Amino acid sequence: MAGTTARRRSLISGGTDKGTVLVGQDSPGKSKKQKRRKRSMVKKTAVEQTTCMISAGQTLSGRYLIQKELARGAMGIVFEALDKELEDTTVAIKVLSPELTDDEKAREQLRHEAMAAMALTHTNIVRLHGFERDNKTVYLVMELIDGPTVEEILVDEEVLSYSSVVEIVQALCPALDYAHERSVIHRDIKPSNLMLAIEAGKSLYKLTDFGIASRAAKVAEAAGTLLYISPEQLRNQEIDGRAD
């Protein structure tokens, strides 16, 4: 995406929708300064002021050397790290927010995301390498995406071009078909869960965050993001891939 200034290397469960931000609706007179301010608002979350016990230079499980914090979401904090067992391959590490460390439901949701995503191997789905534990710290190890989310792109560009929309649909539909064929329903399709990667000089959209994905038509409780949730999910009715 030419002109996109937001560069985010993150995969955040919960995204920024906890304090709902409407994107792609700037008035024509918005200045670049105003757009930058709005983009910073998109990245802010309810846990922004939380102090994290993990910091640069720390090693998790004797293997993953933390480089820096990348971003924060409603449930997790994402770091860039080096995998010392794979010749310092760069990966993304997502840990639960400190206040959720002892929350059994939050830990189970992180594990659930791992189980759902690790069953899927597709060009347009972010690769998940593993679910790990280091004492009380539970975390996901995943592919690092050097690029923005579609939500951030909308903040910069206001309106996507026709060709960009086609490119997104051509990436998202095969990814969802692949997941649905394996009985995985994402249940949280939204701009902040679709990321733009650059591979071999070409743009490639990838779906992420399977934190509330389901393998069942009926789940215990309704879940999703209000602006994007299907009516059936909101009513906690049986759903299938069409809900995505």
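Residues numbered from 1 in each chain as written. Predicted model: local features only at pLDDT ≥ 70, side-chain atom pairs only at ≥ 80, totals over all residues. Heavy atoms only, no water.

Moving on: the pattern of salt bridges. Counting across every chain of the model gives ten salt bridges. Two residues, Arg63 and Asp83, come together in a salt bridge whose shortest N-O distance is 2.7 Å. You can see Arg63 sitting in the loop between strand E1 (59-60) and strand E2 (64-72) and its partner Asp83 sitting in strand E3 (residues 76-83), a full 20 residues away along the chain. Given the relative accessible area of 3%, Asp83 is considered buried. Residue Arg242 is joined to Asp240 by a salt bridge in which the shortest nitrogen-to-oxygen separation is 2.8 Å. Because the salt bridges share partners, they merge into one network encompassing Arg127, Glu143, Glu199 and Lys206. (Salt bridge = Lys/Arg side-chain N within 4 Å of Asp/Glu carboxyl O. Helix = DSSP H or I, 4+ residues; strand = E, 2+ residues; numbered from the N terminus. Buried < 20%, exposed > 50% of the residue type's maximum accessible area, 1.4 Å probe, protein only.)

Let us look at helix H3 (residues 150-157). In terms of burial, H3 is largely enclosed, as seven of its eight residues are buried. Within H3, the full set of buried residues consists of Val150, Glu151, Glu152, Ile153, Leu154, Val155 and Asp156. Directly beyond the C-terminal end of H3, a positive phi value near 70 degrees is found at Glu158.

It is worth spelling out the pairing of strand E6 (residues 137-142) at this point. Across the six residues of E6, five count as buried, placing the element largely inside the fold. Strand direction decides the pairing type here: strand E4 (residues 89-96) and E6, joined by four bridges, are antiparallel. By the bridge assignment, Val95 is partnered in E6 with Tyr139. (Pairing = 2+ DSSP bridges.)

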